[in-house]
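Letter by letter, the chains look like this.
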Amino acid sequence: MYRAAAAPTLRHSLRRLPFSSSSVSDPLAGAARFLATSSERRLHAPASSRPFGTAAACGSCSGAAVTERPAFASRGLATMAEGNSRFGHVLTSLPKPGGGEYGKYYSLPALNDPRIERLPYSIRYLLESAIRNCDGFQITEKDVENIIDWENTAPKLVEIPFKPARVLLQDFTGVPAIVDLASMRDAMARLGDDPGKIDPLIPVDLVIDHSVQADVVRSENALQANMQREFDRNKERFAFLRWGSMAFNNMLIVPPGSGIVHQVNLEYLGRVVLDTNGILYPDSVLGTDSHTTMIDGMGVAGWGVGGIEAEATMLGQPMSMVLPSVVGFKLSGKLRDGVTATDLVLTVTQILRKHGVVGKFVEFYGEGMSELAIANRATIANMSPEYGATMGFFPVDHVTLGYLKLTGRSDEKVEMVEAYLRANNIFVDYNKTQTERIYSSYLELDLADVEPCVSGPKRPHDRVALKDMKADWHACLGNKVGFKGFGVPKEQHDKVVKFAFHGQPGEIRHGSVVIAAITSCTNTSNPSVMLGAGLVAKKACELGLEVNPWIKTSLAPGSGAVTKYLQKSGLQKYLDHLGFNLIGYGCTTCIGNSGDLDEDVAKAITDNDIIAAAVLSGNRNFEGRIHALVRANYLASPPLVVAYALAGTVDIDFEKEPIGKGKDGKDVYFKDIWPSNEEIAEVEQSSVLPDMFRSTYEAITQGNPMWNQLSVPKAKRFPWDPNSTYIHDPPFFKDITPTPPGPQSVENAYCLLKFGDSITTDHISPAGSIPRDSPAGKYLLERGVQPKDFNSYGSRRGNDEVMARGTFANIRIVNRLLNGEVGPKTVHVPTGEKLFVFDAAMRYKADGYHTIVLAGEEYGSGSSRDWAAKGPMLLGVKAVIAKSFERIHRSNLVGMGVIPLCFKPGEDADSLGLTGHERYTIRLPSNVSEIQPGQDVQVVTDNGKSFTCKLRIDTLVELAYFNHGGILHYVLRNLVKRQQ
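Residues numbered from 1 in each chain as written. Predicted model: local features only at pLDDT ≥ 70, side-chain atom pairs only at ≥ 80, totals over all residues. Heavy atoms only, no water.

**Student:** Outline empty space enclosed by the protein, supporting the account with residue identities and numerical values.
**Tutor:** Enumeration over the complete set of coordinates arrives at twelve cavities of 30 Å³ or more. His-210, Asp-289, His-291, Ile-591 and Arg-625 are the residues nearest the centre of the largest cavity, which is lined by 24 residues in total. Elements with a minimum of two residues in the lining of the largest cavity: helix H7 (171-190) and helix H9 (261-269). Residue composition of the lining of the largest cavity, by class: eight nonpolar, eleven polar and five charged. (1 Å grid on protein atoms, 1.4 Å probe; cavity = no way out; pocket = protein on both sides within 12 Å on 5 of 7 lines; lining within 4 Å. Points joined across faces, edges and corners; volume = space filled by probe spheres on them. Helix = DSSP H or I, 4+ residues; strand = E, 2+ residues; numbered from the N terminus. Nonpolar A, V, L, I, M, F, W, Y, C, P; charged D, E, K, R; others polar.)

Next comes the structure, spelled out in structure tokens:
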């Protein structure tokens, strides 16, 4: 049972730090301190090796002239101006036990403030960063005091700056980020300044993992075949990324075929504690993928941000954030036999969604922590976006140190990590009495209450207990169309379709599994569930069970270490026998790179309107994301993926119905193939070894032949090819002026689209396949690109022409202007014509009209996809009016100059009688100093309606961004201004 507990009150010393008079209230003046010049901050660009193990190569990178370097070189770590901190008096030596010192660190105990002892550990990370980077300009003493006084300041939504240690990218978000940086260099030149100022000032790690697709499956040659196709499709993108790794300072690229970004971060890139020029400080990371939070499971403070926010952070801009509330989540007991980490995370996700944690940190603690391996913690942390939290944080303890050693980090470095964290009071020792920490609210969960489950069929937080799955499936079939309904008439529930599969008889019905994928960093980083899947396969093979040949089965782990331990355990051969051959090291099915279904299967589904199912060990299952033809998608643990593949359907009660018949003709049940926790632990103990991780990451530092042979230009500014359909100079900075344009009102705008609840970034800017008859497909055909070479929207995010046409292009999007019709079209209000969204938007722009979007709750949930803000901006959308926004997407809208507005509580478009056929006026003062974060804004329609919304520009710094037309415009102008 879980329960929510009341927060206790706490009285303590209110001793406060003095704060600088440099703090200001004017929005522009207040924001100005968040940008120092490149020369002011580039005081140190030291060479640095990674703190863990021998796998890291050492070296430094030149940002001035581009020279050829090793394919995977380390680089200098530009970091804080250590000597400039206003808190130099707390800089303390950390001695080594045998003499000498590990380095110096900014000591939290030396602040001698009793309030710090009661702070959540996650807030202490923000505090350490603030005192280390406090220069009285970007970060002031008042910011430090606000963090120390967190208990009182957090409820007031106080704004603070945060400087992470590094930035993490994957290729889908990394390509547009580097495109923007390259374009900003050109803009700097046009403004008469040095393009070289556009250069990352903190380490940037980019892992190429989003491009490989499940084209070839059930084959011993699948890995090599899919990698070859990946390079054939993406050679131009990859060459651009390789150019970026050499043209920009502080940028490290992990080549294709190496693993999934968050698993590589967990096993290799994550430092836990960094050492730069003898200064020790905690690792922290902002990533352009929402599941960056996975690293929180290892005690590294990290979360997802939009690509444009990450680009500004690279250039030295502190992240402006509201000091978050922290939910304390106490864990007790231990998981029962047969219950997996996946079952736990789906349960936690449901609990936290119900509690409400959007924009908050969640911090886990309690005696149950000793029973949770880091891989299990990372699984829970990974799905922070699904339960809505900014972070799901697990402070470092003895379990963390054991994981660092297991994954090949050196003993000496682990000793340094422990010594530093203990000295700075950010290490949890559960063997000692714990000081009570204060939290904003409290939850508890007894791990013994977690039961096997899945989530679906359309959302990750719609958990279904395994014992209830059959009943839930039949309810979903008959329910009206919605998140838990498909609207199938009852008389058609048992429809059976016979078809020929490559000349052999086949059969599918509603609920038949057509995709079964062991995929995603969420689960493939966890040896217990991966070995569990192997044991299920072994038992099934020994009993003579088989998987239907028309089910698209695949295994795509996030690290080569997984392959090593599956092979050492002897379990890979059983997975191979059932069709779960290794197909690649990348995200694949989890992000929609499922590849095509067999033509016979696809025809049977479409001709008979079958509600087919996918079962995957991923973290997202929004409709239309996994595969266009598969409408029911369930998230499950890797062992359950194998079990459902064997059953061939989700329409089964595993407790009562057999999975199949064994070679002896007898029924085989779920319990016959399900391994015990002891069996899994025994295999894990003997098969998962530190050398596997060390050798895996030593190998990826060498790149691979296809990557190393890519030819790239040796120039500081990128030579754009106007004929390229992958990489295109974007229009964002073409007409930038030396002075900001100021706030712009929205006058007589048409409604481009009207949505209900839970519109995701997949709906707004899909990542999957490009239909031939879509605006993007037609654009590519006109330029000689054949459909077989279309690749995906995600792979073409370096080309604004494709991405603008792909905005609101999801085939499952429901636009209420179309009265129930599903698809990427809208009504052009002045003429009543039904057009593709892109075509309607271009007609509005050509006629000089603004547009807005109306939406419901959770607008922009899902991936941290900056094109979900860039695309609407290019379509001419000036504002989005919604009931609520997902955290990252709201920030992205502001970063692109699009106004986010929230209806007042209890109101929405329907309650206000808004049909979407009105014209909307949103008037804002022309002087940004007259606007306040979160103020009320009046919206007026042409038919006499008037309603009040809340302006979701949440901080003074965001107002400054809006005043400039976007965050990157702000950065550019300030870099030029400071030089002048």
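**Student:** Can you lay out the packing of aromatic side chains for me, pointing to particular residues and giving the numbers?
**Tutor:** Across all of its chains, the model carries 32 aromatic pairs by this definition. When the ring of Tyr-439 is compared with that of Tyr-442, the centres are 5.6 Å apart and the planes differ by 80 degrees; the resulting orientation is edge-to-face. Of the residues examined, Tyr-439 reaches a relative accessible area of 3% and is grouped as buried. Look at Tyr-442 and you get buried, because its relative accessible area is 8%. Taken together, the aromatic side chains of Phe-240, Trp-243, Phe-248, Phe-718 and Trp-720 make up a single cluster linked through ring pairs. Positioned above the aromatic ring of Tyr-121 is the side chain of Arg-124, whose terminal nitrogen or guanidinium carbon lies 4.4 Å from the ring centre. Above the ring of Tyr-726, the side-chain terminus of Arg-796 is found at 3.9 Å from the ring centroid. (Phe/Tyr/Trp six-rings, centres within 6.5 Å; stacked < 30°, edge-to-face > 60°. Buried < 20%, exposed > 50% of the residue type's maximum accessible area, 1.4 Å probe, protein only. Lys NZ or Arg CZ within 6 Å of the ring centre and 35° of its normal.)

**Student:** Can you tell me about the sheet that holds strand E34 (residues 936-941), naming the residues and giving the values?
**Tutor:** Across a sheet, strands are paired by hydrogen bonds formed along the backbone, either parallel or antiparallel in direction. Taken in spatial order, the seven strands close into a barrel running E27-E30-E31-E32-E35-E34-E33, and their pairing is mixed. On average, adjacent strands in this sheet sit at an angle of 40 degrees to one another, irrespective of strand direction. Direction of pairing for strand E31 (residues 877-882) relative to strand E32 (residues 899-903): parallel, over a ladder of four bridges. Paired with Ala-879 across the two strands is Ile-899, which belongs to E32. Contacting strand E27 (746-754) and strand E30 (851-854), helix H30 (residues 837-846) crosses the sheet at an angle of about 170 degrees to E27. (Pairing = 2+ DSSP bridges. Axes fitted to C-alpha atoms, helices over the stretch in contact; angles between N-to-C directions. Contact = heavy atoms within 4.5 Å.)

**Student:** I'd like to hear about the pattern of salt bridges, residue by residue, with values.
**Tutor:** Per the stated rule, a full pass over the model turns up 58 salt bridges. The salt bridge involving Lys-96 is made with Glu-412; its shortest N-O contact spans 4.0 Å. In this pair, Lys-96 is assigned in the loop between strand E2 (91-95) and strand E3 (101-106) and Glu-412 in helix H15 (residues 411-423), connecting sequence segments 316 residues apart. Of the charged contacts in the structure, one is a salt bridge between Asp-954 and Arg-890, with a shortest N-O distance of 3.3 Å. Highlighted residues: Asp-954 in the loop between strand E35 (946-951) and helix H33 (956-964) and Arg-890 in helix H32 (residues 887-895), separated in sequence by 64 residues. Of the residues examined, Asp-954 reaches a relative accessible area of 25% and is grouped as partly exposed. You can call Arg-890 buried: its relative accessible area is 8%. Several salt bridges converge on common partners, so that one network encompasses Asp-113, Arg-115, Glu-145 and Asp-149. (Salt bridge = Lys/Arg side-chain N within 4 Å of Asp/Glu carboxyl O.)

**Student:** How would you summarise the environment of Ala-177 if you had to cite specific residues and measurements?
**Tutor:** In this fold, Ala-177 is placed in helix H7. Since its relative accessible area comes to 1%, Ala-177 is described here as buried. Taking C-alpha positions, Ala-177 is 9.9 Å from Gly-306, a pair spaced 129 residues apart along the chain. Not counting chain neighbours up to four residues away, the residues in contact with Ala-177 comprise Glu-311 and Met-314.

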